[in-house]
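Letter by letter, the chains look like this.
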Amino acid sequence: MSAHQRTDFLSRVERAYQGEIYGEALYNGLAEAITDRSRSDKWRLLAELEAVTKSQMRALVEKLGGDTRESEVFRQKGVDNVAKYSSLAWQDFMALYSRELEPVIARYAQLERECAPEDAATLRFLTEHEVVTKVFCDLELQGRADVSIEPTRALIASARKA
Ligand SMILES: [Fe+2]
């Protein structure tokens, strides 16, 4: 990697880290705003996965010599976006969010392809956590609300074991 490529890679890793700060604020806000108890609990778990991913990403940013300070701008953006999603009908929300995750998954998969071998596991987890979030939305849309959060739960458990 050239110096320029390294700087570019690090800035995208930092951006992904701040994305977890955004997501954690958004998902906790959704858990608060959503009145349906079971749906609210699911967003609480998704927020927990964001926190787990954030701490793994913070370690990576630190190792790469980046800025680990949590961005207030990203956190506030998460808070501000709660109403945008919670005001939608559930099916519309799930369909929109599933679609919005597609480019994010592609972006993180690209980071995995570019990274050093020793950072692959962290970036694999980063991509995978967005995949299980999308799977959650898709299972909700397919009427499988009974199992939709299970992949998220399993990924959190796998991080705790590691
Ligand atoms: Fe996330």
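Reading the values: rules and limits
Residues numbered from 1 in each chain as written. Predicted model: local features only at pLDDT ≥ 70, side-chain atom pairs only at ≥ 80, totals over all residues. Heavy atoms only, no water. Salt bridge = Lys/Arg side-chain N within 4 Å of Asp/Glu carboxyl O. Helix = DSSP H or I, 4+ residues; strand = E, 2+ residues; numbered from the N terminus. Buried < 20%, exposed > 50% of the residue type's maximum accessible area, 1.4 Å probe, protein only. Donors = N, O, S within 2.8 Å, 3.2 Å for Na, K, Ca; no water.

### Looking at the pattern of salt bridges
A side chain of one charge can pair with a side chain of the opposite charge if their charged atoms are brought near each other. If you walk through the whole model with that rule in mind, you get 20 salt bridges. Two residues, arginine 160 and glutamate 48, come together in a salt bridge whose shortest N-O distance is 3.1 Å. Here the residue arginine 160 occupies a position in helix α7 (residues 150-161), and glutamate 48 occupies one in helix α2 (residues 37-63), the gap between them amounting to 112 residues. Here arginine 160 falls in the exposed class, since its relative accessible area comes to 55%. Among the charged side chains, a salt-bridge network with shared partners connects Glu24, Lys54, Arg58 and Glu70.

### Section: the coordination of the iron ion
Put simply, the ideal angle at a metal is 109.5 degrees for four donors in tetrahedral geometry and 90 or 180 degrees for six donors in octahedral geometry. Distances from the iron ion to its protein donors, Glu20 (OE), Glu20 (OE), Glu50 (OE), Glu50 (OE) and His129 (NE2), fall at 2.1 to 2.6 Å. Mapped onto the polypeptide sequence, the residues donating to the iron ion form the spacing pattern E-x29-E-x78-H. Residue glutamate 20 is found in helix α1 (residues 3-33), and its partner glutamate 50 is found in helix α2; the two are separated by 30 residues along the sequence. Exposure remark for glutamate 20: the relative accessible area of 0% places this residue in the buried category. The class of glutamate 50 is buried, set by a relative accessible area of 2%.

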